[in-house]
Amino acid sequence: MSRQKQELSLSKLSVPELLAPAGSFAVCRAVVLAGADAVYAGGSRFGARAYAKNFTEEELLEAINFVHLHGKKLYLTVNTLLKQEEMKELYAYLLPYYKRGLDAVIVQDFGVMQMVRQCFPLLPIHISTQMSVASAYGFAYLKKLGAARIVPARELSLAEIREIRAQSDLEIECFVHGALCYCYSGECLLSSMLGGRSGNRGRCAQPCRLPYTVLDSAKKAVQSGYPLSPKDLCTIEQIPQLIEAGITSFKIEGRMKSAEYAAGVTAVYRKYISQYMQSGAAGVDRGDYERLLRAGNRSGFTDGYYNRHNGKEMISIKNPSHEKDQAADLSFLQEKQQEKKLPVQAKAVLKIGHPASLAVSCRGFTASACYGIVQQAQKQPLSGEMLAGQLSKTGNTPFAVDQMELDMDASVFLPKQALNQLRREALAQLEKHMLAPFIRSLGQCNSQEAGKSLDACINQKAQAERNADAGRQQAVFTAVIEEDRQLGAVLEQDFISRVYLDSSMYSRERFTAQLLEHVNRIHAAGKQAYLSLPSVFRQKTAQFYRKQWQSITDSGLDGFLAKTQDELGFLDAVQADKCRCMLDYSLYAYSDDTKAFFSRAGWQYDTVPLELNKKELLARNNAESELIIYGHLPLMTSAQCIHKTAARCTKRAEVWYLKDRYAKQFPVRNVCSECYNTIYNAQPLSLIQLSEELTRLYPASYRIWFTIEAQDTARLVLDQVRKAFLEHQPVDLAAAIGAYTNGHYKRGTE
């Protein structure tokens with residue numbers, strides 16, 4: 001390409017924002033000085049890094065001022081799932097930051113999203129990667145709900161990003177450096193179920209970094225090591241392709257990292273973004289790449305999913321530790337870490353018999369102050385040099401006087417204290433003027449909406465109690481099947497009224513024929529047939545379902561079980577009957593606010609969250625919610641494949657196992673049609689033995705979830721359900737199915 005054509009091509013590209021992490025004000029200052037355009041940070045609550053130092057309210061307000069004075073932005077993370085009591089506290093938590101001029105809030109919870117939209121209408125909403133948005137349908141739907149920017153699933157390829165950008169004008173923010181999760185973000189319950197520390201609550205204990213042995217379908221050892229531990233992401237060599245894909249914001253991971261790490265990585269990415277925008281693609285200096293390595297890595301780097309779907313080369317199988325060189329040479333940062341004060345032009349006027357005045361200007365803003373009365377000097381008059389020096393001492397302010405004009409009479413005098421006060425007042429006014437455009441008044445928020453939201457929850461609770469008083473004489477039971485062999489056992493039971501057919505059972509080639517066969521069998525048994533959509537709904541999956549949609553609807557399906565935001569967008573786009581759609585647990589509805597949001601959007605039925613305990617469930621409005629009472633719960637959904645990591649890709653669906661250090665064996669199903677793995681809990685959840693207690697939760701229905709069970713095991717489980725719920729007989733689950741877990745019903749999560 002000629003130089004002229006290259007410059008023309010570059011002129012059509014937008015300069016991406018460089019977004020850096022900050023776990024404290026010191027880190028915020030460091031990354032801004034190192035070249036970040038924006039900073040994302042967590043406050044004292046509701047952030048996905050609960051164990052980071054995080055900001056106090058005072059520090060965060062100071063940081064907002066700091067970034068604005070330097071022409072940068074600050075985004076606040078509120079990207080955890082909130083319980084009902086926390087939703088009541090969110091308005092007061094956000095209010096001071098909103099008034100100070102917070103630039104955006106990053107959210108995972110739909111209830112939080114709607115509360116922000118209603119109560120803080122001027123605050124842009126960014127969708128966290130915790131929502132794992134993976135298709136243009138998800139982008140379109142979230143735009144309708146008020147999103148300004150989306151951080152999509154980290155597993156998306158550049159081709160998918162380009163395709164989404166062609167269909168959506170929403171801003172898109174993608175990770176370019178730092179730690180990767182093995183699981184699609186927001187789809188992980190591994191830490192939660194194993195130790196009670198929920199990643200959805202910002203408390204992940206990272207059990208994915210522990211050792212596991214991969215066992216094949218015959219439970220023969222194939223590989224030992226750290227098969228769930230991805231290497232750290234580094235895309236410094238892919239910057240041209242990332243910019244050309246249309247990514248709005250380049251995000252660096254690391255809110256728990258040091259100022260040296262965050263600033264060092266920021267400085268290197270700043271260099272190569274600027275270099276590409278100015279002169280086009282060029283190679284990365286080996287010294288810069290080495291600096292990134294020394295700042296921290298896990299067995300080297302991976303360039304992530306941008307040019308591949310998965311691969312063993314992305315996994316730090318032998319060593320999951322985050323390594324850094326304690327003696328790393330960060331001297332290249334010294335110049336960048338010097339305080340970059342804002343240049344001020346000043347003019348002082350000292351006329352005898354009049355107040356002294358000082359006018360200051362910076363970046364188009366001006367301010368002035370007057371103080372004291374200029375006197376005729378009796379002994380030592382002020383010299384111009386002395387006056388300029390005193391008025392240029394900006395101290396701890398963000399300003400530095402780089403130009404001083406003096407208009408003064410001869411032989412003037414003003415006490416040093418008066419000069420200092422004059423300077424302080426002028427600079428304080430200048431700072432106030434520069435920050436004024438960001439300040440929002442109380443009238444620009446909607447406190448009435450916060451009250452209405454709480455009232456709605458109270459009213460819903462009253463309605464739930466009325467529903468409970470009315471009672472349900474006949475309990476409703478549903479069943480999920482993930483293998484064909486389980487269907488016969490389910491159809492034998494007259495108390496099962498609905499069957500969810502998991503899409504992973506069907507091949508792409510014979511999808512509708514296989515589906516139709518199952519639907520006909522279910523209808524012949526007098527039951528409803530729902531299709532359980534995939535756990536991941538990326539661009540190719542969406543295109544397949546769009547192409548097959550008429551055949552799918554012609555199959556006679558009675559409804560759908562939706563698992564992702566992308567599926568909500570798809571079902572909305574094809575105008576599916578929302579009253580015949582059940583939202584799965586992964587469309588989290590922790591609070592009544594979130595449940596009310598789904599209801600207002602037309603999604604009437606949801607699944608009771610898996611991470612709430614008995615007390616929290618009793619306080620929740622479970623009307624029109626389905627409660628899972630049995631199943632090997634999915635702990636992870638991953639684009640990676642343990643078959644491919646430990647051996648090779650066979651494109652054959654099988655159940656393998658991961659054995660942990662306590663010899664527990666976690667089943668892993670590879671869903672080849674969509675190319676993802678599901679890791680299940682080693683022991684099934686069972687609340688069957690608590691049937692009497694569960695009736696006091698007043699759910700709309702109870703779900704039995706079959707994953708890896710053989711037909712005989714499925715029959716045993718169903719018999720236990722019948723005895724416990726319908727015949728009110730005592731059951732012995734351990735004798736019938738072996739070891740099981742109560743999940744979070746008794747312990748909950750932090």
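Our subject is the structure listed above.
Note that this is a predicted model, so its numbers are computed, not measured. (Residues numbered from 1 in each chain as written. Predicted model: local features only at pLDDT ≥ 70, side-chain atom pairs only at ≥ 80, totals over all residues. Heavy atoms only, no water.)

This brings us to the sheet that holds strand β14 (residues 355-362). In sheet architecture, strand pairing relies on hydrogen bonds along the backbone and comes in two forms, parallel and antiparallel. Read across the sheet, four strands follow the order β15-β14-β13-β17 without closing on themselves; strand pairing throughout is mixed. Lying at the two open borders of the sheet, with one neighbouring strand each, are β15 (365-373) and β17 (399-408). Ignoring which end each strand starts from, the neighbouring axes of this sheet average 20 degrees apart. Sheet topology note: the strand β13 (residues 342-350)/β17 ladder contains nine bridges and is parallel. Counterpart to Leu342 in the pairing with β17 is Phe399. (Pairing = 2+ DSSP bridges. Helix = DSSP H or I, 4+ residues; strand = E, 2+ residues; numbered from the N terminus. Axes fitted to C-alpha atoms, helices over the stretch in contact; angles between N-to-C directions.)

Glancing now at helix α3 (residues 57-69). Its 13 residues place the ends of α3 19 Å apart at the C-alpha level, agreeing with the 18 Å of an ideal helix rising 1.5 Å per residue. When we look at burial in α3, the residues that qualify are Leu60, Leu61, Ala63, Ile64, Asn65, Phe66, Val67, His68 and Leu69. For α3, the secondary structure elements touched by its buried residues are α2 (25-34), β2 (38-42), β3 (73-78), α4 (84-100), β13 and α14 (416-435). Remark: Gly71 follows α3 within two positions and exhibits a positive phi of approximately 75 degrees. (Expected span 1.5 Å × (residues − 1). Buried < 20%, exposed > 50% of the residue type's maximum accessible area, 1.4 Å probe, protein only. Contact = heavy atoms within 4.5 Å.)

Let us now look at the pairing of strand β11 (residues 249-252). Side chains Ser249 and Lys251 project from β11 onto one buried face, and the interleaved Phe250 and Ile252 project onto a second face that is buried too. One ladder, built from three bridges, connects strand β1 (residues 17-22) with β11; its direction is parallel. Following the sheet pairing, Glu17 is matched in β11 by Ser249. Pairing of strand β7 (residues 171-178) with β11, which is carried by four bridges, proceeds in the parallel orientation. Across the sheet, Glu173 pairs through a bridge with Ser249, a residue of β11.

Glancing now at the packing of aromatic side chains. Following the criterion strictly, the structure yields 26 aromatic pairs and no others. Plain terms: the ring middles of Tyr702 and Phe725 are 4.8 Å apart, the flat faces sit at 50 degrees to each other, and that makes the pair tilted. A residue pair is termed long-range when its members are at least 10 positions apart, and Tyr702 in strand β31 (residues 701-706) and Phe725 in helix α24 (residues 711-726) qualify at 23 residues. This pair shows no difference in class: Tyr702 is buried, exactly as Phe725 is. Taken together, Tyr137, Tyr506, Phe511, Phe537, Phe544, Tyr545, Trp549, Phe560 and Phe570 form an aromatic cluster joined through their ring pairs. In this structure, Lys219 packs its charged tip against the face of Tyr657, placed 4.7 Å from the ring centre. When the ring centre of Tyr98 is taken as origin, the NZ or CZ atom of Arg440, which lies over that ring, is 4.5 Å away. (Phe/Tyr/Trp six-rings, centres within 6.5 Å; stacked < 30°, edge-to-face > 60°. Lys NZ or Arg CZ within 6 Å of the ring centre and 35° of its normal.)

On to the sheet that holds strand β29 (residues 676-680), then. Strand order in the open sheet formed by six strands is β9-β8-β27-β28-β29-β26, and the pairing between neighbours is antiparallel. This sheet does not close on itself; its edge strands, each paired only once, are β9 (221-225) and β26 (634-638). Strand after strand, the sheet turns through a mean of 25 degrees between neighbouring axes, direction not considered. In the sheet, strand β27 (residues 655-659) pairs with strand β28 (residues 665-671) via five bridges, with the strands oriented antiparallel. Considered in β28, the bridge of Lys659 is made with Gln665.

One non-glycine residue, Gln206, lies in positive phi territory at about 55 degrees. Considering the arrangement of structural elements, one finds Gln206 in the loop between α8 (190-195) and β8 (212-215). Overall, Gln206 belongs to the partly exposed group, its relative accessible area being 37%. Its identity is not glycine, yet Cys675 carries a phi of approximately 55 degrees, on the positive side. Structurally, Cys675 is set in the loop between β28 and β29.

Time to look at the packing of α3 against α14. At a minimum axis separation of 10 Å, α3 and α14 run at an interaxial angle of 85 degrees. With respect to α14, the element α3 is oriented roughly perpendicular. Residues Asn65, His68 and Leu69 of α3 pack against Glu431, Met434 and Leu435 of α14. Class assignment for the residues of the contact of α3 with α14 results in three nonpolar, two polar and one charged. (Parallel < 35°, antiparallel > 145°, perpendicular 65-115°, else oblique. Nonpolar A, V, L, I, M, F, W, Y, C, P; charged D, E, K, R; others polar.)

What follows covers the environment of Phe110. With respect to the helices, strands and loops of the structure, Phe110 is situated in helix α5 (residues 110-119). For the pair formed by Phe110 and Ile127, sequence separation is 17 residues and the distance between their alpha carbons is 9.6 Å. If we ignore the near neighbours within four places in the chain, the residues touching Phe110 are Met131, Leu142, Leu145, Gln565, Leu587, Thr594, Phe597 and Phe598.

Among the residues of helix α7 (residues 158-167), Leu158, Glu160, Ile161 and Ile164 are the ones counted as buried. An end-on view of α7 places all buried positions within 155 degrees of arc, on one side of the element. Exposed and facing more than 90 degrees away from the buried side of α7 are Ala166 and Gln167. Buried residues along α7 sit in contact with α6 (136-144), β7, α9 (239-244) and α18 (539-554). (Arc of directions from axis to C-beta.)

Moving on to the side chain of Ser535. With respect to the helices, strands and loops of the structure, Ser535 is situated in the loop between β21 (528-532) and α18. A residue is classified by how much of its surface remains accessible, and Ser535, at 17% relative accessible area, is buried. Excluding residues that lie within four positions of it along the chain, Ser535 makes contacts with Lys563, Thr564, Thr637 and Tyr676.

Our next topic: the pattern of salt bridges. Counted under the stated rule, the structure contains 38 salt bridges. Arg669 is the salt-bridge partner of Glu482, the closest N and O atoms lying 3.3 Å from each other. Linking Glu482 in the loop between β19 (477-481) and α16 (487-491) with Arg669 in strand β28, this pair joins segments that are 187 residues apart in sequence. Its relative accessible area of 7% is what places Glu482 among the buried residues. Owing to a relative accessible area of 9%, Arg669 belongs among the buried residues under this scheme. When the shortest N-O distance is used, the salt bridge between Arg508 and Glu674 registers 2.8 Å. One end of the pair, Arg508, is in the loop between β20 (496-502) and α17 (511-524); the other, Glu674, is in the loop between β28 and β29, with 166 residues separating them in the sequence. Judged by relative accessible area, which is 14%, Glu674 ranks as buried. (Salt bridge = Lys/Arg side-chain N within 4 Å of Asp/Glu carboxyl O.)

The subject of this paragraph is the environment of Leu82. Among the secondary structure elements, Leu82 is positioned in the loop between β3 and α4. Placed 645 residues apart in sequence, Leu82 and Glu727 show a C-alpha to C-alpha distance of 37 Å. If sequence neighbours within four positions are ignored, Leu82 has contacts with Phe46, Met87, Leu90, Asp109, Val112, Arg201, Tyr590 and Ser591.

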